[in-house]
Each structure stands twice: as structure tokens, then as C-alpha cells.
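Residue-level listing of the chains:
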Amino acid sequence: MRTMADLSNTLFFVALGAYIAAMVAAFFAMAFTRVAVDGRMAPTVTGRRMGVTVTVLAATGLAAHVGSVVARGVAADRVPWANMYEYSSVMALVAVAGGLLVVQWRMGFGHLMGFVLAAAVLMMSAGAMLFVPAGPTVPALESYWLKIHVTAMVSASAIFILAAVATVLYLARDAGERRLADRSGQRYTAGTVGAASIDVTEREHAPAAVSSPLELRRVLSPVWFVVAPAAFFFVWGLMKYDVVRGTSMAPVGALLGVAAWYALPYLPPAAQLDNLAYRITAFALPIFTFAIVCGAIWAEEAWGRYWGWDPKETGSFFTWVLYAAYLHARATYGWRGRRAAWVGLSAFVALMVTYFAVNLVVVGLHSYAT
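Below or above, wherever it landed, is the structure these notes cover. (Residues numbered from 1 in each chain as written. Predicted model: local features only at pLDDT ≥ 70, side-chain atom pairs only at ≥ 80, totals over all residues. Heavy atoms only, no water.)

1. Brief notes about a nonpolar patch on the surface
On the surface, Ile 20, Val 24, Phe 28 and Phe 32 cluster together into a nonpolar patch covering about 330 Å² of accessible area. Looking at where Phe 28 falls in the secondary structure, it is placed in helix H1 (residues 2–31). We classify Phe 28 as partly exposed; its relative accessible area is 45%. (Patch = residues over 30% accessible without salt bridge, like charges linked within 9 Å, V, L, I, M, F, W, Y side chains within 5 Å. Areas by Shrake-Rupley, 256 points an atom, 1.4 Å probe, with all protein chains shown as cover. Salt bridge = Lys/Arg side-chain N within 4 Å of Asp/Glu carboxyl O. Helix = DSSP H or I, 4+ residues; strand = E, 2+ residues; numbered from the N terminus. Buried < 20%, exposed > 50% of the residue type's maximum accessible area, 1.4 Å probe, protein only.)

So, in C-alpha cells, the structure goes:
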């Protein structure tokens, strides 16, 4: 089985390299795309070729990634998502697969793939830092519920990554559209739709931002796009590791922020990004709910109680409440748009804190997850 473990490790880094190359190609494809005054995008010949390259590289990386996960499962003689390295890897795999199938192919938002791949690369990089050799699980995890509970949880978490990407880009695009609408003196409504569609009156008052996408970079300063993500990545690295790691991760956040600022004219309108985030979250929350219920049943079998407010259980419940509040906010007129988006983004932060901080820092019944 040592050969299979080595094969899994090799394919993991092949997939990681392919994702990085596809991410860079996706941003290059945007650079070779013309944006008309009416918002329509027309890729140049080079941009079209780069778009094909993105799909080929991402699909190649996905195939290698699947091979890595399968080989890991064969080497360990169990399902390959029983520790944080494996969980992070599978989460990134599902996110890329969802990005290709739903975001790019089904929804037609191919220009978002660069950010989806960036999220997958970050998740895989974090997992690589938590690598453990393939082997059997601790006795507490030797249950058929591992296949059910963790499969549902990793799937929901990966889908929530896609929703978080759409939410962050929505907030950026919405801010630009609002600023353009304010400067032109027009009424802004396109970024504040809820679960319902825009009515005829709102369509008649479309903001100037929709017809002037190239102005988005001029009305929004790139400074906040650099400072905010750089600070977030610094704090994340500081919480997970130390000051040195946090400092080294800050430039990664700054680069992603610059990419988001540059991509503003190429993003779908804010209303479409808002709707995309809503649909993805509405699809993922029932899966997440199912995972929590399965975890409670497993806890009763393993520890003799369904719920004990263990740190991991508490974090999962708090995350569920926030995502449920987001969906409720989307159905409430006064909380549509940006307010609801911030609730959804807070839910994703809670999800990541529950995954990383609770597993790595807090001591509890789920500490064996590392």
C-alpha cells in the first residue's frame, strides 16, 4: 500500500499545480476580454484560447485530484476523509467540480472560475500543511457513520465555498454599481433583489453601473481591495500558526484583492451574483442539516447522548443558525442585498473557524479529527 500512498501524494501535487495554472490562465483570459459600454463581453482570440486552456487545466487537475483521493482510500483501506488533510483535499475537489459543472457550465459564469480555483488552492495548501501519512483511523471513527456524516459535511462545506466566493464578489460589484448610480443621480435597485425576481419598475430604473462596467475600477479605490484581504490572511495565519506565517500569507490576500479589483468589469451584474450565492446556499443548507443530524445520531451511538455542546457541535450549530438566518433574511424585504450577504459571509467565517480553530486549538471530543 506504500506505493498507493506515494501515488496519492504525487497526484495531489499534480492537481494543485494544475489548479494554480488554471487560476492564472483564468485571470489572463479576463485580461484578453473586451468589455463594451453596454456591459457585453467579447473575448479576443487569445482570450478565447485562454478560456479553453482554463477548462482543460482545471479538468486535468480534477482528474488527478480524483485519482489522488481514490489512491489515498486504497492505501488507508477506508474512506479518504478521516483527517484534516484528507478532508481539506476532498473539500477542494468538490468545490472545483461544482465550479466547473454549476458555475461555469450550468450558470455560464466562466469568469468566476479563477476565484473558485483560488479558493480550492488555498484549501489544498492548508491541507498540505496538515499532512499525515495514510493509515487506519482512531477507534472512535471506526463506524459506518463516518461514510455518511462526513461525506455530507464535506459536500456541504465545499458548496458553501462556492457561495462565499459569489458573496464576496457580489459585495465588491454591488459597491461599485451603487457608487456609479450615486454619481449619475440614478436610483439603484439591481443589487437589492431577494429570492423574488426584479419587477418591471426596477428594470426601468437600472443603475448606470450596468451600462458602464469599465467605470467600476475608477469609482472604487484598489486600496481597500489590498488592505482588507491582506489583513484577513494575516489574522488567519496568525491564528493557525504564528506571526511569521501570518506575515507570509498577507501578500497572498493582497494579490487576490488586486485580482478582484481588476475583475470588477468582467463580473456578472451584482443581482446575478446575489442570486447565485442564494441558490448555492439554499442547495447546501439541507445537506449541512442532514450532516448535523447524522452526527447527532452517531454521537448517541458513540457517547450515549445526541447532543452535548462539545466545541465542534456548538460551532456547527452556530454556523447552521447563521446560514438559516441568511436564507430568512433573503425572504425579508428589509434585509435583502448587502445586509443578507454579510450574514451569509459571517456564516462562512463561522464554518471555517469551526473547521480550523476548533480542530486545531480547542480541546474537545472531536480533537481526534487532527
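2. A look at the nonpolar core
Counting 105 residues, the largest nonpolar core has Met 91, Phe 115, Phe 160 and Phe 356 as its most contacted members. The element that contributes the greatest number of residues to this core is helix H5 (residues 145–184), accounting for 21 residues. (Core = buried A, V, L, I, M, F, W, Y, C linked by side-chain atoms within 4.5 Å.)

3. Describing the packing of helix H2 (residues 45–76) against helix H3 (residues 84–106)
Between H2 and H3, whose axes approach to 10 Å, the crossing angle comes to 145°. Crossing angle aside, the handedness with which H2 passes H3 is left-handed. Here Thr 55, Ala 58, Ala 59, Leu 62, His 65, Val 66, Val 69 and Arg 72 of H2 lie close against H3, whose contacting residues are Tyr 85, Glu 86, Ser 89, Val 90, Ala 92, Leu 93, Val 96, Ala 97, Leu 100 and Gln 104. (Axes fitted to C-alpha atoms, helices over the stretch in contact; angles between N-to-C directions. Left-handed = near helix turned anticlockwise from the far one by under 90°. Contact = heavy atoms within 4.5 Å.)

4. What to know about the pattern of salt bridges
Counted under the stated rule, the structure contains seven salt bridges. A salt bridge links Arg 78 to Glu 86; its shortest N-O distance comes to 2.9 Å. An identical accessibility class is assigned to Arg 78 and Glu 86; each is buried. A salt bridge links Glu 177 to Arg 173; the shortest N-O distance between them is 2.9 Å. One end of the pair, Glu 177, and the other, Arg 173, are both in helix H5, four residues apart, so they sit about a helical turn from each other. Accessibility assignment for this pair places Glu 177 and Arg 173 in one class, buried. It is possible to trace a salt-bridge network through shared partners that takes in Arg 72, Arg 78 and Glu 86.

5. Description of the environment of Val 74
Relative to the helices and strands, Val 74 is located in helix H2. In this structure Val 74 comes out as partly exposed when scored by relative accessible area, which is 36%. Counting along the chain gives 69 residues from Val 74 to Ala 5, while the straight-line C-alpha distance between them is 8.2 Å.

6. Observations concerning unusual backbone geometry
Look at Asp 77: it is not a glycine, yet its phi comes out positive at around 60°. Taking relative accessible area as the criterion, Asp 77 reaches 69% and is therefore assigned exposed. Here Trp 309, not a glycine, exhibits a phi torsion of approximately 55°, which is positive. By the element assignment, Trp 309 lies in the loop between helix H11 (270–303) and helix H12 (311–330). In this structure Trp 309 comes out as exposed when scored by relative accessible area, which is 51%.

7. Some details on the packing of H11 against H12
Interaxial distance between H11 and H12 falls to 10 Å at its minimum, and their mutual angle equals 150°. Classified by the angle their axes make, H11 and H12 are roughly antiparallel. Where H11 crosses over H12, the two elements pack in a sense that is left-handed. Where H11 approaches H12, its residues Asp 274, Ala 277, Tyr 278, Thr 281, Ala 282, Leu 285, Phe 288, Thr 289, Ile 292, Ala 299 and Trp 303 are matched on the opposing element by Glu 313, Ser 316, Thr 319, Trp 320, Tyr 323, Ala 324, Tyr 326, Leu 327 and Arg 330. Along the lines of polarity and charge, the residues of the contact of H11 with H12 split into 13 nonpolar, four polar and three charged. (Parallel < 35°, antiparallel > 145°, perpendicular 65-115°, else oblique. Nonpolar A, V, L, I, M, F, W, Y, C, P; charged D, E, K, R; others polar.)

8. Overview of H2
Between its first and last C-alpha atoms H2 spans 47 Å; for 32 residues at 1.5 Å apiece the expected length is 46 Å, and the two agree. Immediately downstream of H2, the backbone of Asp 77 shows phi near 60°, a positive value. (Expected span 1.5 Å × (residues − 1).)

9. Here's the deal with the side chain of Thr 44
As for its position among the elements, Thr 44 is in the loop between strand E2 (41–43) and H2. Among the polar contacts made by the side chain of Thr 44, one reaches the main-chain amide nitrogen of Gly 47 at a distance of 3.1 Å. Ignoring anything within four residues of it in the chain, the contact list for Thr 44 reads Phe 32 and Arg 34. (Polar contact = N/O pair within 3.5 Å; in protein donor to acceptor, adjacent residues only side chain to side chain.)

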